[in-house]
Amino acid sequence: MTRERSGLVNGLIGVIIFSGSLPATRLAVADFDPLFLTAARAAIAGLLALGLLMIFRQKRPARGDLVSLYLIAGGVVVGFPLLTALALRTITSAHSIVYIGLLPLATAAFGVMRGGDRPRPAFWIFSTLGSLCVASFALLQSDVRLAAGDALMVAAVLVCGLGYAEGAQLSRRLGGWQVISWALVLSLPVMLGAALVLLRWQTHAIGGPALFGLAYVSVFSMLIGFVFWYHGLVMGGVAAVGQLQLLQPFFGLALAGLLLGEPVSPAMLVATAGVIACVAGARRFSPLPGNAIGKS
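Quick caveat, the model's predicted, so the values are computed rather than measured. (Residues numbered from 1 in each chain as written. Predicted model: local features only at pLDDT ≥ 70, side-chain atom pairs only at ≥ 80, totals over all residues. Heavy atoms only, no water.)

Chemist: So what's going on with the nonpolar core? Which residues, and what values?
Modeler: Core analysis: the largest hydrophobic core is formed by 76 residues, its most contacted members being Val76, Trp229 and Tyr230. Take this core: its biggest share by element is 10 residues, from helix H10 (residues 208-236). (Core = buried A, V, L, I, M, F, W, Y, C linked by side-chain atoms within 4.5 Å. Buried < 20%, exposed > 50% of the residue type's maximum accessible area, 1.4 Å probe, protein only. Helix = DSSP H or I, 4+ residues; strand = E, 2+ residues; numbered from the N terminus.)

Shown next as structure tokens:
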């Protein structure tokens, strides 16, 4: 398997895993407070990550890597989980999922600013068109009552894009699973302490679906998915593999319909088909992996 294809395969596995994040979060916030859910999922994943680092005797990151690790933690360990959990208290997961189509543009933009990727102009055209398809659909489905949830999802996409791009750059030196593991471990003292304090406010009964949602976002969304995703970004390039995120609404909508029984309208499918077409166009005009990455 070529380096480019390996990157695409790993990236696609990561996208499929991430596609279950918002439906699982929707299940979890039915019974869990968003603040507790954010802290608990990070604490559980952090403990697992600490175990992995100890078992495989990974050396500590250099002091110069700490700023990047804190940026990653702020984006994907705290920012995205908290903002999406708050948003999903007022909007459905099907509605929130379409915003994920904006992630490739955010990831590519931060990749340019932080990592030096240089896509051709046509790449930005296709990426922007795909993002506009998603944004237009979301806006057409919205009303004033959903405005707060929409704004939270936009903010979530921005901080997540930064975390993705920053993690891809650092993964070139530390490795994909090591990066997310160290970011989780650095966050562990604060997030574990917060989870224990906030646990006192969880006074009502917690149902099975909410527990399943917590387990999924803790183990898969926070850790396993990033192992595949960061490895894919390193192998195939941030801009190229990042476009696979445009497929995430398709998988997410399917899961929202199957797991939550949320309606999937024809308009959702049309919008998804449009962004898939943009994936092909953006992929065609992405930079070659050799221009986007260093040694892994």
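Chemist: A description of the confidence of the model for the chain should follow, citing residues and the corresponding values.
Modeler: Predicted coordinates in regions of low pLDDT should not be interpreted in detail. Summarising the model, the chain shows a mean pLDDT of 85, and 92% of its residues fall at 70 or more. Segment residues 288-296: pLDDT under 50, and 20 contacts once partners within four positions in sequence are set aside and those in other chains are kept. (pLDDT = per-residue confidence, 0-100. Contact = heavy atoms within 4.5 Å.)

Chemist: Explain the layout of surface pockets to me, and be specific about the residues and the numbers.
Modeler: Counted as a void, the largest pocket has a volume near 150 Å³. Residue lining of the largest pocket: Leu50, Leu53, Met54, Gln58, Arg60, Pro61, Leu66, Trp182, Val185 and Leu186, and that is the complete set. Among the secondary structure elements, those contributing two or more residues to the lining of the largest pocket are helix H3 (34-55) and helix H9 (176-198). In terms of residue class, the lining of the largest pocket is built from 8 nonpolar, 1 polar and 1 charged. (1 Å grid on protein atoms, 1.4 Å probe; cavity = no way out; pocket = protein on both sides within 12 Å on 5 of 7 lines; lining within 4 Å. Points joined across faces, edges and corners; volume = space filled by probe spheres on them. Nonpolar A, V, L, I, M, F, W, Y, C, P; charged D, E, K, R; others polar.)

Chemist: Tell me about unusual backbone geometry, and please be specific about residues and values.
Modeler: For Arg57, which is not a glycine, the phi torsion comes out positive at approximately 50°. In this fold, Arg57 is placed in the loop between H3 and helix H4 (66-87). Note on Arg57: relative accessible area 76%, which makes it exposed.

Chemist: I'd love a proper account of the packing of H3 against H9, names of residues and values included.
Modeler: At a minimum axis distance of 6 Å, the contact between H3 and H9 shows a crossing angle of 135°. Looking at the two axes, H3 sits oblique to H9. Handedness of the H3/H9 crossing: left-handed. (Axes fitted to C-alpha atoms, helices over the stretch in contact; angles between N-to-C directions. Parallel < 35°, antiparallel > 145°, perpendicular 65-115°, else oblique. Left-handed = near helix turned anticlockwise from the far one by under 90°.)

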